[in-house]
Amino acid sequence: HPQPALRVSVFDLTLRDRAQEPVHTLPVAQVRGFHLILAARAVLTWPPAVPDTSPPLYRNGLHCAREIYRIHGYHGFLAGYTTCLLRSVPANAAAFLAYELSMHLLPPR
């Protein structure tokens, strides 16, 4: 039965080196599927965050803008904009359409 092994590994990955109660004594642990939630958390947050100790690339916002312009020109400020539009335009259009349809279907006040 794989559940005890999963429980131990998830416990080790999520609560190790923390001053918290063990998972088996938490009241939430009685809820069915709690260990599945912990496993999903462990998978989605792997690898654990490591503090960045490298020096900052830019001194401030103006220095950042100057460096981007110096290296990439005006195109550096627009890089990724097309991808952002391809993602946001359909999402916003769907939200607007849903709002308009719901306003049309609901009775007026």
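Notes on the structure follow. Predicted, not measured: the structure shown is a model, and the values here were computed from it.

Some details on the overall build of the protein
Counting its regular elements, the protein contains 5 helices and 0 strands. Start at the N end of the protein and walk to the C end: the helices and strands fall as α-α-α-α-α. Of all 109 residues assigned to the protein, the portion counted as buried reaches 12%.

Considering helix α3 (residues 61-72)
With 12 residues, α3 extends 16 Å from end C-alpha to end C-alpha; this agrees with the ideal 16 Å at 1.5 Å per step. By the N-cap criterion, in which a side-chain oxygen at the helix start approaches the backbone nitrogen of a residue two or three places on, α3 is capped by Asn 60, the distance to Leu 62 being 3.2 Å. Looking one or two residues beyond α3, the residue adopting positive phi is Gly 73, at roughly 75°.

What to know about the packing of aromatic side chains
Within the structure shown, the criterion is met by 1 aromatic pair. Judged by centre distance (5.1 Å) and plane angle (65°), the ring pair of Tyr 69 and Tyr 74 falls under edge-to-face. Owing to a relative accessible area of 63%, Tyr 74 belongs among the exposed residues under this scheme.

Focus: a nonpolar patch on the surface
Nonpolar side chains collect at one region of the surface, where Tyr 69, Tyr 74, Phe 77, Leu 78, Tyr 81, Leu 85 and Val 89 lie side by side and expose about 780 Å² of accessible area between them. When residues of the nonpolar patch are traced back to their parent elements, those giving at least two are α4 (75-78) and α5 (81-105). Examining the composition of the nonpolar patch, we find that 3 residues originate from one element, α5, more than from any other. Take Tyr 69: it is sitting in helix α3. When its relative accessible area of 43% is taken as the criterion, Tyr 69 is described as partly exposed.

Quick notes on the pattern of salt bridges
Enumeration according to the criterion identifies 1 salt bridge in this entry. Where Glu 67 meets Arg 70, a salt bridge forms, and the shortest distance between an N and an O atom there is 2.7 Å. A residue pair is termed a helical-turn pair when its members lie 3 or 4 positions apart in one helix, as Glu 67 and Arg 70 do in helix α3 at 3 residues.

Here's the deal with the side chain of His 63
Tracing the chain through its elements places His 63 in helix α3. Looking at His 63, its side chain comes within polar contact range of the main-chain nitrogen of Arg 59, at 3.2 Å. Discounting residues that sit within four places of it in the chain, His 63 has contacts with Leu 57 and Tyr 58.

Quick notes on the rules
- Every chain is numbered independently, its residues counted from 1 as its sequence is written.
- Note on the predicted model: pLDDT of at least 70 is required for a residue's local features to be given, and 80 or more for side-chain atom pairs to be given and counted; whole-chain, interface and lining totals, by contrast, use all residues.
- The basis for the side-chain values is all heavy atoms of the structure; hydrogens and waters are excluded.
- Numbering of helices and strands runs from the N terminus; a helix is a DSSP stretch of H or I covering at least four residues, while a strand is a stretch of E covering at least two.
- Buried means the residue's accessible area, taken with a 1.4 Å probe over protein chains only, is under 20% of the maximum for its type, while exposed means over 50%, and partly exposed covers the values in between.
- A helix is expected to reach a length of 1.5 Å times the quantity of its residues less one.
- We define a polar contact as two N or O atoms separated by no more than 3.5 Å, with the added condition that, inside protein, one atom must be a possible hydrogen donor and the other a possible acceptor, whereas residues neighbouring each other in sequence contribute only through side-chain atom pairs.
- Only Phe, Tyr and Trp rings are paired, with Trp represented by its six-membered ring, and only when their centres lie within 6.5 Å; those with planes under 30 degrees apart are stacked, over 60 edge-to-face, the remainder tilted.
- Every patch collects residues that have over 30% relative accessible area and no salt bridge, joining them within 9 Å if they carry like charges and within 5 Å if they are nonpolar side chains (Val, Leu, Ile, Met, Phe, Trp, Tyr).
- Every accessible area reported is derived by Shrake-Rupley at a probe size of 1.4 Å, with residue values counting cover from the shown protein chains alone.
- The working definition used for a salt bridge is a side-chain nitrogen of Lys or Arg within 4 Å of a carboxyl oxygen of Asp or Glu.
- Throughout, a residue-residue contact means that at least one pair of heavy atoms, one from each residue, lies within 4.5 Å.

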